[in-house]
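The primary structure of each chain is shown beneath.
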Amino acid sequence: MNIKIKIENLSKTFKVNKKPLEVLNNINIEVYENQFVSLIGPSGCGKSTIFRILAGLEKDFSGNITVNGESIKASSCQFGYMPQKDVLMPWRTVYKNIILPLEINGKKDRSKKTEVENLIKEFGLEGFENFYPGEISGGMKQRAGILRTFLMESDIMLLDEPFGALDAITRINMQEWLLKVLVEHKKTVLFITHDIEEAIFLSDRVYVLSGRPAHVIKTLDIEFPRPRDREVLSSPKFLEYKDALLKALL
Amino acid sequence: MNIKIKIENLSKTFKVNKKPLEVLNNINIEVYENQFVSLIGPSGCGKSTIFRILAGLEKDFSGNITVNGESIKASSCQFGYMPQKDVLMPWRTVYKNIILPLEINGKKDRSKKTEVENLIKEFGLEGFENFYPGEISGGMKQRAGILRTFLMESDIMLLDEPFGALDAITRINMQEWLLKVLVEHKKTVLFITHDIEEAIFLSDRVYVLSGRPAHVIKTLDIEFPRPRDREVLSSPKFLEYKDALLKALL
Amino acid sequence: ATSCGIERTPSPSPNQTSSADGKQKISFVLDWVPNTNHTGIYVAKVKGYFAEEGLDVDIIQPGESSADQMVATNTAQFGISYQEGVTFARASGAPLVSLAAVIQHNTSGFGSPKDKQIVSPKDFEGKKYGGWGSEVEEAMVRQVVKDAGGDPDKVQIVTIGTADFLQACETGQIDFAWIFEGWDFINAANKGVELNYIPLRELSETFDYYTPVIVTNEDNIKNNPELVKKFMRAVEKGYKFAMENPDEAAECLLQLAPELDRKLVVKSQRFLASKYQDDAPYWGMQKKEVWERYMNWLYENKFIDAPIDVEKAFTNDFLQNGQ
Amino acid sequence: MKKFRNIGNPIYSSIAVVVFIIVWEIFTRAKNIKEYILPAPSAILNEFITSGDLLLHHSMVTMTETVLGFILGLVLAILLSLLMSSFKLFRSIFYPFMFLSQTIPIIVVAPLITVWFGFGLVSKLIVCVLVVFFPIALNLTEGLSSYDKDLEELLMCMNASKLQIFMKLKLPSALVHFFSGLKIAAAYAVMGAIMSEWTGAESGLGIFLTRSMKSFRTAAMFADIAIISIFSILLFGLIKLIEKRCIKWNVKG
Amino acid sequence: MKKFRNIGNPIYSSIAVVVFIIVWEIFTRAKNIKEYILPAPSAILNEFITSGDLLLHHSMVTMTETVLGFILGLVLAILLSLLMSSFKLFRSIFYPFMFLSQTIPIIVVAPLITVWFGFGLVSKLIVCVLVVFFPIALNLTEGLSSYDKDLEELLMCMNASKLQIFMKLKLPSALVHFFSGLKIAAAYAVMGAIMSEWTGAESGLGIFLTRSMKSFRTAAMFADIAIISIFSILLFGLIKLIEKRCIKWNVKG
Ligand SMILES: Nc1ncnc2c1ncn2[C@@H]1O[C@H](COP(=O)(O)OP(=O)(O)OP(=O)(O)O)[C@@H](O)[C@H]1O
Ligand SMILES: Nc1ncnc2c1ncn2[C@@H]1O[C@H](COP(=O)(O)OP(=O)(O)OP(=O)(O)O)[C@@H](O)[C@H]1O
Ligand SMILES: [Mg+2]
Ligand SMILES: [Mg+2]
């Protein structure tokens, strides 16, 4: 298996009001092709900052990051990145927001159109295509954001708490969809969540980060076979993993 | 016990692009003094809309709403309301954002100051008082929002998914804090969450809403005594409640 | 050296392009809005005198500022100016040359409402003079008061800028001002306001200068004398016509400038008909003494740094059909 | 409640204008104010009738100048703003000159402009454009840098080109500013055309204006000003209309 | 990257201005351009020396007018914007008049203003204020309605008074617009003072300007314009400075 993302000794310090704020301290993370890797850790520890660095949005860090074997360049982003805060353009309808990546890549052809329509249906956004972001619910915005990220058509997706505003049922649907995508499209996913069960159910490997300044305090490989179904959630192995992660977090 | 909020036959239809969108259909909800009541339901069903109506932000609804025995007026809000999306003023520091309600009520005195400082510590925001909203993490923004809502000093709090962006541990802390507040300050809380366990653990009563147009499909009274501790989470009664809610949602 | 600075050869000027019917297109720039001082030009245009000479003349109105630069650079071949302007222009090196005095004597003077009882410069004492704010103007007012044996310091000089004399008097802001007999005075009469008027030419020989004058630049005279001759022939014919037929001449002016007040123009035209040539042997003639006297006064009062050669400032060579 | 940027009900403003005119009429009559100090609206109206043809003729000239000048100024403003918001160096160098260009009193340099650019359209358009472009360019330049930085980051993650970021983010975000600038420019545009006539003209509302002023026809002068105002209002209305179509989403946001 | 609204490095712009002046000097010398067409910078500089005292005297007068006019215009603009954004009816009624006031050519009504309000400060301030207030008022009015509606709702839930919503939300949100307006006004302020001198004045840069123009002293005229420009730039710089302090957060946003 190829290594897709390799983060070595990543450290990052912000400077606010002339005082330094050490956020990341020697982070090492590896993600292999077609793997699903989750990051968990206390709020404010630096998870989103790692994503932002990967996406090329934060300069001034120390350490080494390679993606597909190449050092990342500041000017370009090789990921489908979904930020934590849903950023939709208020002057575009939901549909127009979703297809933004297609517009940018100049891929707005017919065949795409039906694909997007199907996805919109699958994401429960049918009938809201012509609504503006101010007219849909929080969970709907989040789903639009996920859909937009998927349409960025990168083989690596960085998802920052993508399901935070979704109810249990919708969340399960979205998880299933994500696993399907992982298999069908051979994607590689780096995932941030606060839901430990979700992390275990979805991931091949979970990194647990400490509080600020964040470093990796536990690396846990999840050894359920793929494709998985929700039965694993009640397996004893699952409870074992959960305990291990909870212990690491406390 | 006094009835604090009484929602009778609440219906609401939005009009978008000249087409009507029926969102709420005959909702009936009752909240008694010092009670903790949760709303759960699928994403996009209309939970936040109920809150917005209560807070006086949506006009044009049908039905009857009384708070403390009086019909709500459009122009005033008797609640501490925390919207789903964290709205912080980008030009104010975290501290300045938090104390906004105090500024507005003209209550920015000394004694308050130490109270706020203690709360900031409790909320894990110490050291970030002078950061701008753009410089803190998603979970930290959410905590600042909760704190601000608390400082609105209303005896009824409307909290719309307040813990959505928090990790498990922080979330537990915040839940404990909320229960403490409920008892110590005799608050009444109306709460939206997607976390069923959270709803059961915190609430006296849980309303389950159907998909759009939302109506109440289940009302579940949680009969754990107060004060509660986290042991109830592993009680058989808890699992019973959980099953009942999940079934209603599916 | 060329007369105009920017890559434009003076002769043939690009502004002297030919119009469709083979006539030479030239520009004539006014000093102000069209008025009865300009009637000869308008007559020449309307009556076809220019066309007879093979000229197609655009009569152009400038803004509030003087148009002398346009003539100096041959942007416009001809224009209207006044003696003071030409003197200043020449003092700063601009090659303006006066071709004709449109009106033989200065027809401006001091006007005031009758009830102010201002009949001589001595009466200016203790009164408010409303001027447009020029230093030369102020010096002249002081001069006439002094000449009349008054104390110039007792005249209160207020600047009214572009405000109208009559309006300013009406609202009691000033007592008297410098006005044109053939325009403001007649306007006042039309509006039913009675004025006392003291002609400047009666107060001082020095101030009986030429205003307005028709100007061109030295290059045209040197390199294009034919054009100047043709142009001036038509203009002269125009003014002669205006002297003889004031009412019809007024119509010519009104035809091309219908925005003007008809009553004012007609009356003004009748008034000016005899003033164009007045006591001169022929229309447009300019005397060296007149140029010299005023130039010297300007020099003595330090408005120009050095005396100018008045011989170069004007010429009578293009009058009387160039005789 | 969420109604957005509204100059208000046109009925009210129309009533206000009518009331204003009536008060003016009554005032001039009651106080017996001389026409050459302040003409009554009826006198001005009368002027419209008697000098109608003439006013129309001059109006056409000025309108043409205005429209041409406005369009050119707009194009120039957009171009400069684009350049200034894209290239820092250009901005550093050009911004001061743009600002300086506004501090030059056109009335005194008008003859010089004529000397440099001759009589005719070029000189006039230069003056018009000089008046019109500045408020648009300044507001647009400010507007183009007040966008949501989160959205910019998102677009950068999509590897959007500078042009795409511009078209899809900066431009829509700058619209409110842009239209503010357009409205200011609309107020000045006709005035700009009038000023352009100072460079030497044979016809135009500016010519009519000075001629009627200098021959003491105050009512005609006011009639001229009324036309200037009406045309400015029309221009404003047009911009308002386009704005409404462009920033529709904001009503909902 | 997140650097915000920056007119750019003052070093570059200074260099640009210096280069511009040098090119101008060389151009006028090489092409042998007559002083009355376009004076060389050296001639203008010389004028500063020879007419220094005079220019200083006139400058003081105009600066006073400008400062007074600017402050008054600013106050008026703020007042009107407040009223217009608070009371819809007022906005409906007043907005058209505000706009119309800008379409009236000051040069022609200046004499009338003198007639109505007399010579002296009042007339001058009226003209100054008329020029200055509009871009500020328009931009501020637009700015005051481009705030985040979510934040407004939040404040309403806190039962904030209209005044509080205004002070804590609308005003901070309007700042970028407000400063755009101020900058435009700064460009026009000195010109406004110059125009105000048309209502009748004995001294001031406008008087010096027309005097030097009428007496064909083009270099002196340009020296006068240079002072106008310099003073405008100073005003602009001051506004820029205040803006930097006020919208600091935006750099971080
Ligand atoms: N201003 C509006 N205009 C039109 N439709 C609206 C508006 N606000 C909400 N809606 C619609 O009302 C429905 C309910 O929205 P609401 O935000 O109440 O959902 P919710 O239950 O809070 O969902 P979530 O769990 O995703 O936050 C949605 O379908 C949404 O599109
Ligand atoms: N632009 C910035 N300037 C200064 N400090 C910043 C900036 N961005 C983030 N930080 C700080 O870095 C820390 C980590 O932030 P980050 O958003 O990465 O946390 P997180 O792990 O994603 O938390 P959460 O789970 O709450 O989203 C926080 O303490 C935050 O204050
Ligand atoms: Mg985060
Ligand atoms: Mg919601």
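What you are looking at is a predicted structure, and each value in this text was computed from that prediction instead of being measured.

*Asks:* Explain the sheet that holds strand β7 (residues 156–159) of chain C to me, please; I cannot follow it from the model alone.
*Replies:* Note: strands within a sheet are paired through backbone hydrogen bonds, in either parallel or antiparallel orientation. Residue and element names in this part refer to chain C. A sheet is described by the order of its strands in space; here five strands give the open sequence β7-β6-β8-β5-β9, paired in mixed fashion. Sheet topology places β7 and β9 (195–199) at the edges, where each strand pairs with a single neighbour. Across the sheet, the mean angle separating the axes of adjacent strands is 35° when strand polarity is ignored. Sheet contacts for helix α5 (residues 135–147): β5 (108–113), β6 (128–131), β7 and β8 (176–180); angle to β6, the most-contacted strand, approximately 145°. Along the sheet, helix α7 (residues 181–190) makes contact with β5, β8 and β9, crossing β8 at roughly 120°.

*Asks:* Just checking my understanding: could you explain the coordination of the magnesium ion (ligand 3) for this structure?
*Replies:* Each pair of donors in an ideal octahedron of six around a metal sits at 90 or 180 degrees, and each pair in an ideal tetrahedron of four sits at 109.5 degrees. Only S48 of chain A (OG) and Q84 of chain A (OE1) from the protein coordinate the magnesium ion (ligand 3), and they sit 1.9 to 2.1 Å from it. Separated by 36 residues along the polypeptide, S48 of chain A in helix α1 (residues 47–54) and Q84 of chain A in the loop between β6 (80–82) and α2 (94–98) bring together distant segments of the chain.

*Asks:* Help me understand the coordination of the magnesium ion (ligand 4) in this model?
*Replies:* At 1.9 to 2.1 Å from the magnesium ion (ligand 4) lie its protein donor atoms, namely S48 of chain B (OG) and Q84 of chain B (OE1). Since its relative accessible area comes to 19%, S48 of chain B is described here as buried.

*Asks:* How should the site of ligand 1 be read in this particular structure?
*Replies:* What surrounds ligand 1 is a group of 24 residues, the closest being S137 of chain A together with G44, K47, S48 and T49 of chain B. Nearby residues around ligand 1 are contributed by chains A and B. One of the backbone N or O atoms of K47 of chain B is found 2.7 Å from an oxygen atom in ligand 1. For ligand 1, whose accessible area on its own is 640 Å², the fraction buried by protein is 92%. Counting only elements with at least two residues in the shell around ligand 1, the list comes to α5 (138–150) of chain A together with β1 (3–16), β2 (19–32) and α1 (47–54) of chain B.

*Asks:* Is there a simple way to explain the UniProt feature "domain: ABC transmembrane type-1" (unreviewed entry) in chain D in this structure?
*Replies:* This chain's UniProt record puts "domain: ABC transmembrane type-1" (unreviewed entry) on residues 55–243 of chain D. Spanning residues 55–243 of chain D, this segment combines 86% helix with 0% strand, and its end C-alpha atoms are found 31 Å apart.

*Asks:* I keep staring at α5 of chain A and nothing clicks. Help me out?
*Replies:* Taking 1.5 Å of rise per residue, the 13 residues of α5 of chain A would be expected to cover 18 Å, and the 19 Å separating its terminal C-alpha atoms lies within 8% of that figure. Extensive coverage of α5 of chain A is indicated by the burial of 13 of its 13 residues.

*Asks:* How do you make sense of the arrangement of the chains when you look at a structure like this?
*Replies:* Interchain contacts are distributed over eight pairs of chains, and the most extensive set of them lies between chains D and E. The two units chain A and chain C never meet; even their closest C-alpha atoms stay 47 Å apart. Contact between chain B and chain C is absent, and the least distance between their C-alpha atoms amounts to 49 Å.

*Asks:* Looking at this structure, how should I read the packing of aromatic side chains?
*Replies:* Describing an aromatic ring pair means giving the distance of the ring centres and the angle of the ring planes. A complete count under the given rule lists 56 aromatic pairs over all chains for this structure. Pairing F97 of chain D with F20 of chain E gives two aromatic rings, centres 5.0 Å apart and planes at 65°, and the pair type is edge-to-face. Here F20 of chain E lies in helix α1 (residues 10–30) and F97 of chain D lies in helix α4 (residues 88–101), a pairing that spans two chains. Residues F178 of chain E and F179 of chain E carry aromatic rings whose centres are separated by 5.6 Å and whose planes lie at 70° to one another, so their mutual orientation is edge-to-face. The structure contains a cluster of three or more aromatic residues connected by ring pairs, namely Y95, F99, F133, F134, Y188 and F236 of chain D together with Y95, F99, F133, F134, Y188 and F236 of chain E.

*Asks:* In this structure, what is going on with the relation of the copies chain D and chain E? I would like to understand it.
*Replies:* For the pair of chain copies, the relating operation is a rotation around an axis with a shift along it. Note on the identical chains: chain D maps onto chain E by a rotation of 180° and an axial translation of 0.0 Å, with an RMSD of 0.1 Å. On this basis, the relationship between the two copies can be described by a two-fold rotation axis. Across chain D, the smallest distance between a C-alpha and the rotation axis is recorded for H177 of chain D, namely 3.5 Å. Here 100% of the contact residues of chain D are again contact residues in chain E; the copies associate through an equivalent surface.

What counts, and at which threshold
- Residues numbered from 1 in each chain as written.
- Chains lettered and ligands numbered in written order.
- Predicted model: local features only at pLDDT ≥ 70, side-chain atom pairs only at ≥ 80, totals over all residues.
- Heavy atoms only, no water.
- Pairing = 2+ DSSP bridges.
- Helix = DSSP H or I, 4+ residues; strand = E, 2+ residues; numbered from the N terminus.
- Axes fitted to C-alpha atoms, helices over the stretch in contact; angles between N-to-C directions.
- Contact = heavy atoms within 4.5 Å.
- Donors = N, O, S within 2.8 Å, 3.2 Å for Na, K, Ca; no water.
- Buried < 20%, exposed > 50% of the residue type's maximum accessible area, 1.4 Å probe, protein only.
- Near = heavy atom within 4 Å.
- Polar contact = N/O pair within 3.5 Å; in protein donor to acceptor, adjacent residues only side chain to side chain.
- Areas by Shrake-Rupley, 256 points an atom, 1.4 Å probe, with all protein chains shown as cover.
- UniProt positions renumbered as here; feature names shortened; annotations may be inferred.
- Expected span 1.5 Å × (residues − 1).
- Phe/Tyr/Trp six-rings, centres within 6.5 Å; stacked < 30°, edge-to-face > 60°.
- Least-squares fit on C-alpha atoms with pLDDT ≥ 70 in both.

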